[in-house]
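Spelled out, the chains give:
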Amino acid sequence: MNYSEVLVAARECIGKYCKACPVCNGKACGNQMPGPGAKGSGDGAIRNYQKWQEIRVNMDTLTENKKIDTSLELFGKTFKYPFFAGPVGAVNLHYGEKYDDMSYNDILVDACAKGGIAAFTGDGAVEKVMVVATQAIKKAGGIGIPTVKPWNIDTIKTKMEYVKNSDSFAVAMDVDAAGLPFLKNMTPPAGSKTVEELKEIIKIANKPFIVKGVMTVKAALKAKEAGASAIVVSNHGGRVLDQCAATAEVLEEIAAAVKGEMKILVDGGIRTGVDVFKALALGADGVIICRPFVPAVFGGAAEGVQCYIDKIGAELADTMAMCGAHSLKEITRDMVRK
């Protein structure tokens, strides 16, 4: 099975919103929600993708011809590639009836672990979503990252018990989900967190903590102050705030402020191994790719996921070779131009 065949198969069962496009650039789904689109005008997802395309790579083959090493070490674990599958929630609502959150995560977590990377798993108002996601991570030997929504503190404490039982090597919180209606309507309410609140949550987690949804230097410094081990430069795929900057536009300045003090991941519109290379050159330690893993699962289950991992990994290795970087540490800012 190749990736084109995966997409063809996905179109037969993925529902009426996602089009399983050859390039997932936000244009066909636009502002369509439910579905994989973005909030308001739909500009957020489109801009995320387009800004990576405006960055070009600098070819240099006057280098030693040796093996390319794409491996990444993160929190004591070594991965084959520096990219991860992103968390997806409400799979039934946004992508059709073939899979729900539980069956989707069950396939994704195991396939990613076997493919040499890790999957971030989603969270939901239904408790079973987190229960089954963390069970899948435990079955995969802890190779997965549960992503907890910014609930109120009592709910977070309950979720963290599932996280601890999963033996996951890290945990994330997508603070950029703060604007979701089902969080605001909770009693007590949930959503945005102060530095002090985040400190308490990180202490409860008691393992490497990733703050997802950082879009400014100011927010990155707040995450650092709270004790985060890593941040994800992310605007939630454009799904929570219209007219937001693209992640490619803010990554470099954020990395300049906190590089070396915490790990830096980035998501949003990254669709090829060349894009992964660009992100690393701009200061990221690794990247997260979310939407394209959905048609990979719908179109080929575990085989589809492996096919997509192989595709992105091969593109990254080829770009590294053609730009003179033989390991991730050798990828430097002068290898790309804006």
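Residues numbered from 1 in each chain as written. Predicted model: local features only at pLDDT ≥ 70, side-chain atom pairs only at ≥ 80, totals over all residues. Heavy atoms only, no water.

Engineer: Describe in detail the packing of helix H8 (residues 195–205) against helix H9 (residues 217–226), supporting the description with residues and values.
Structural biologist: Where H8 contacts H9, the axes come no closer than 8 Å and their chain directions differ by 45 degrees. It follows that H8 is oblique to H9 by the angle criterion. The handedness of the crossing between H8 and H9 is right-handed. Contacts between H8 and H9 involve Val195, Leu198, Lys199 and Ile202 from the first element and Lys222, Glu225 and Ala226 from the second. Here the contact of H8 with H9 is built from residues that sort into 4 nonpolar, no polar and 3 charged. (Axes fitted to C-alpha atoms, helices over the stretch in contact; angles between N-to-C directions. Helix = DSSP H or I, 4+ residues; strand = E, 2+ residues; numbered from the N terminus. Parallel < 35°, antiparallel > 145°, perpendicular 65-115°, else oblique. Left-handed = near helix turned anticlockwise from the far one by under 90°. Contact = heavy atoms within 4.5 Å. Nonpolar A, V, L, I, M, F, W, Y, C, P; charged D, E, K, R; others polar.)

Engineer: Break down H8 for me, with residues and values.
Structural biologist: The complete set of buried residues in H8 reads Val195, Leu198, Ile201, Ile202, Ile204 and Ala205. Looking at the packing, one finds that the buried side of H8 touches helix H6 (153–166), strand E7 (171–174), strand E8 (209–214) and H9. Looking at the residues trailing H8, positive phi occurs at Asn206, about 55 degrees. (Buried < 20%, exposed > 50% of the residue type's maximum accessible area, 1.4 Å probe, protein only.)

Engineer: So what's going on with the environment of Val88? Residues and values would help.
Structural biologist: Relative to the elements of secondary structure, Val88 occurs in the loop between strand E4 (83–85) and helix H3 (91–95). Classification of Val88 by relative accessible area gives buried; the value is 7%. Once the C-alpha coordinates of Val88 and Met215 are considered, the two residues, 127 residues apart in sequence, prove to be 20 Å apart. Once residues within four sequence positions are removed from consideration, Val88 is found in contact with Tyr95, Tyr104, Gly122, Cys290 and Val294.

Distances and angles like these do not, on their own, reveal function.
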